Amino acid sequence: MRNPAAIIRNTANNKNPCQLRHQIPLCTSSTAPLPQNLAVDPDPPDLPSQIFSILSTHPRNWQKHPSILKLIPFISPSHISSLYSLNLSPQTALDFSYWISQKPGFKHTVESYSALLNLLISSNFTKAGEKIFLFMIKSCNSVEDIRFTLDFLKRANETDGEFRLMLSIKTYNTLLMSLSKFVLIDEMKRVYAEMLQNMIVPNIYTLNTMINAYCKMGNVVEAQLYASKIVQAGLNPDTFTYTSLILGHCRNKDVDSGYGIFRMMPRKGCRRNEVSYTNLIHGLCEAKRVDEAIELLRRMGEDDCRPTVRTYTVIIYGLCGLGRKLEALQFFNEMSERGCEPNVHTYTVLIDCLCKENKVDEARRLLNRMFKKGLVPSIVTYNALIDGYCKEGLMEAAFEILDLMESNNCSPNARTYNELICGFCENKNVHKAMSLLNELLERKLSPTLITYNSLIHGQCRAGHLDSAHRLLHLMNGSGLVPDQFTYSIFIDTLCKSGRVEEAHVLFDSLKEKGVKAGEVIYTALIDGYCKAGKIDNAHSLLERMLSDDCLPNSYTYNALIDGLCQEKKVQEALLLLEKMVKMGVKPTIYTYTILIEEVLKEGDFDHADRLLNQMVSAGLKPDVYTYTAFIQAYCSIGKLNEAEDLMVKMNEEGIVPDSVTYTLLIRAYANLGLIYSAFDVLKRMFDAGCEPSHHTYAFLIKHLSNKRWMKENSHVMGFYLVSNVTFVDVADVWKMMEFDTAVKLFETMLKHGCAPNVNTYGKLIIGLCKVGRLAVAQRLFDYMRERGISPNEDIYNSLLKCCCELRLYDEAVRLVDAMIEHSHLPHLESYKLLLCGLYDEGKNEKAKVVFCNLLHCGYNGDEVAWKILIEGLLKKGHADRCSELVDIMEKKGCQINPPTYSMLIEGLDGR
């Protein structure tokens, strides 16, 4: 299903597949004839034999023979390995090995070197053999390569042959350094023991390599044993020795001991170099002692040292980790001013920092600056940007970065896909996330625990608990073990669905599954009981949590405090706050906001102010939710001047009001009949880039259509912020709203400088569709298109679902076709209703056509089987039709995992 996955990509980018095809060069067909001037010979048969023949028949001038020159483009390391097994003379083999290694595009592998070594050792070319073995070591690019090299050395010296591969101290040191590069400590110990057994006396380089390897792992105790061997051998520890020990102590999170070594170096006659400083600076930054690290950097000149790229990068990374971005940027600029150009890692650190602060535009500009400097971003750089865009919900921009990285020959890895999957799941677009699982597998990448946890979370958020359970089966089938987070998702979802007792049963089963319930799982269940009004059960669970040596965190206490406030037990909630502090758990902004909100509901502004002062005294600054709680309280008693004063104060403190804050003001002005002021707030909302919600438009529509009704029924409208947001019954608005009312809304918005956009139309159309008002929704759909506004995917899906629920299947089919034409992805839930409806009406052929078109949209095969075949056709009793569609999926090469097949077979057998 590779091509369908490309359609998903287009959907994310909002581009037509046909348009994309013209943006990239098309590959030439493998069967198309090449132009004459580009014609080349096919891969010659038995190439090693041909080379052997040329070398044997022209021993003196084979290098210039036209036949061998013609073969160069086709020669690979595997051909070389085969050549050396053809009784070639060792000297010719050596000469040819060097000659071919100088040709562009050719690079020896450990396998080709091993074939040459077999020939050299058996011919007693031991001196040349050691030199080739040295090349073999240096060619190692992976753990597998270096292990292959070690195995070869072992086999070469274990055979009963007359000659062996004897290594010098230089070769042993090179081998140890290569092993150290891949942190293969046990193998290093064996090689070191072999050296001693072969009577090779370790020198300072040998011992320093061993020390450095252990220090990289923070194992200073073992490192110091080898350091003592330096003294025992009559040698003196040098700068490299002490610098490695500094690294070891810092890796062991003992920076002060590292500092002690650093101070001792001059007394021992050892010059401190840039690496000595950088290792210690890195340790200080890791310990959050960045100011000390900066001071040390400023003192590097005392030892005639200058900060390197790595020194600056470590400082920048430390500052970014503490949220001191401006200082990090100052050091970044200082680097260039001092002639120390930032490298890829430096840029990546800053790009990652900016993305974490939601400043993706600045991060993108840095990426462009990298390209101008001729730097090649790494996979880490691209992933940081993709993650930043995904967290902002800017999936189109994330896919642009993915396309950019691929165009620069940087292939995405599992982390890339995890970030994209998480982005789609957070944006409640789990179908697209599932489709990326297809693409990940097609690239021969392995899904991780994060992959499945993200998808399970996405399915649960979309209300598809059955699909989440099926993903759990796939996860188990792939050899991954669900962790605490996996089960916390299920427990939290069950609790939020009001199925708290089922959640408790799952909780009790965790022990036999080998999963220890941590604070996340306990908190999810405690919150579930609190939301269900079962405070006693929640407190019992807290006691069990403590008896299990699982310490509650601020989230746990917040859930309990919120539960008590819901029950109007404010005094108990305040006592729990005191207990929380005594337990060493710091209250958060959210803790105080819960309490402030509750006392404000009781009209106790003095108590709310005291709690606010207590909060500020604890070093916590009120956030948008805290301010919104006060604004809601002022609005509820008609004190709009005070509410507006708070809006001004929020702006002064850099706190951005959200949709709830603005909507509260709009409601308050509308309740007072001040419609002009209400729309003025809407204008401010637009100008701030804050997207109005369904509730925002619902209030405006209701007041526009029936001011008297609003006045008479104002008592039914209430807001509860933060954890319990309930507004006017939006369904009533959509049930009574007529097309003319919507037009009046648009006209009034325009008068106030708020041009209706796709979000405006979307909120109204989706609201109408939820209550079955399809006729009015379709009029608005046509009205927006007439004004040049393109409907988005959510609008199309709401209309499609409404058509299916009203059993208007022909209209639904037309909508599906329109969606696919515009690269939008219909929800599988709607597809299920549509296909079942078509089969119910006997429109079998039309159903098959719809299903075939669906398969070209890049959905995940398992999800199609779950939603449409199992939950749809089989439940509706269309087993025969289900079987037909399974055959279609197989013929089209749709991948379905074995557990899903088992579910299908079980369902079909049960017909």
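Being a predicted model, the structure only gives us computed values, none of them experimental.

A look at the overall build of the protein chain
Now for step 1: Counting its regular elements, the protein chain contains 52 helices and zero strands.
Now for step 2: C-alpha extents for the protein chain along the principal axes are approximately 105 × 75 × 55 Å.
Now for step 3: Taken over 911 residues, the protein chain has a buried fraction of 51%.
Now for step 4: Relative to all contacts within the protein chain whose residues are 6 or more apart in sequence, the contacts with residues 24 or more apart total 65%.
Now for step 5: Summed over all atoms, the accessible surface of the protein chain reaches about 43800 Å², with 51% contributed by carbon and sulfur.
Now for step 6: Distance between charge centres in the protein chain, computed from 101 positive and 106 negative side chains, equals 3 Å.

Observations concerning the packing of aromatic side chains
Now for step 1: The final tally for this structure, using the stated rule, is 19 aromatic pairs.
Now for step 2: Here phenylalanine 332 and tyrosine 347 contribute two aromatic rings whose centre-to-centre distance is 5.2 Å and whose plane-to-plane angle is 80°, an arrangement assigned as edge-to-face. Here phenylalanine 332 is found in helix α19 (residues 325–337), whereas its partner tyrosine 347 is found in helix α20 (residues 344–356), with 15 residues between them in sequence.
Now for step 3: Note on phenylalanine 332: relative accessible area 1%, which makes it buried.

Description of the confidence of the model for the protein chain
Now for step 1: On average, residues of the protein chain carry a pLDDT of 89, and 92% of them reach 70 or more.
Now for step 2: Confidence over residues 1–42 falls short of pLDDT 50; this stretch has 61 contacts with residues more than four positions distant or in other chains.
Now for step 3: Per-residue pLDDT stays below 50 along residues 708–727; that stretch engages in 42 contacts with residues further than four places along the chain or on separate chains.

Topic: the nonpolar core
Now for step 1: In terms of nonpolar packing, the biggest core is built from 297 residues, with Phe96, Phe851 and Leu869 touching the most fellow members.
Now for step 2: Sequence-distant contacts of phenylalanine 96, that is, excluding residues within four places in its chain, are made with Ile51, Leu55, Trp62, Ile68, Ile75, Ile80, Leu83 and Tyr84.

Considering the packing of helix α16 (residues 274–286) against helix α17 (residues 290–298)
Now for step 1: Two elements in contact, α16 and α17, have axes separated by 7 Å at closest approach and are oriented at 160°. Classified by the interaxial angle, the pair formed by α16 and α17 is roughly antiparallel. Classified by chirality, the crossing of α17 by α16 is left-handed. For the pair α16 and α17, the contacting residues are Tyr277, Leu280, Ile281, Leu284 and Cys285 in the first and Val290, Glu292, Ala293, Leu296 and Leu297 in the second.

The rules behind the values
Residues numbered from 1 in each chain as written. Predicted model: local features only at pLDDT ≥ 70, side-chain atom pairs only at ≥ 80, totals over all residues. Heavy atoms only, no water. Helix = DSSP H or I, 4+ residues; strand = E, 2+ residues; numbered from the N terminus. Buried < 20%, exposed > 50% of the residue type's maximum accessible area, 1.4 Å probe, protein only. Contact = heavy atoms within 4.5 Å. Areas by Shrake-Rupley, 256 points an atom, 1.4 Å probe, with all protein chains shown as cover. Lys, Arg positive; Asp, Glu negative; His and termini not counted. Charge placed at Lys NZ, Arg CZ, Asp CG, Glu CD. Phe/Tyr/Trp six-rings, centres within 6.5 Å; stacked < 30°, edge-to-face > 60°. pLDDT = per-residue confidence, 0-100. Core = buried A, V, L, I, M, F, W, Y, C linked by side-chain atoms within 4.5 Å. Axes fitted to C-alpha atoms, helices over the stretch in contact; angles between N-to-C directions. Parallel < 35°, antiparallel > 145°, perpendicular 65-115°, else oblique. Left-handed = near helix turned anticlockwise from the far one by under 90°.

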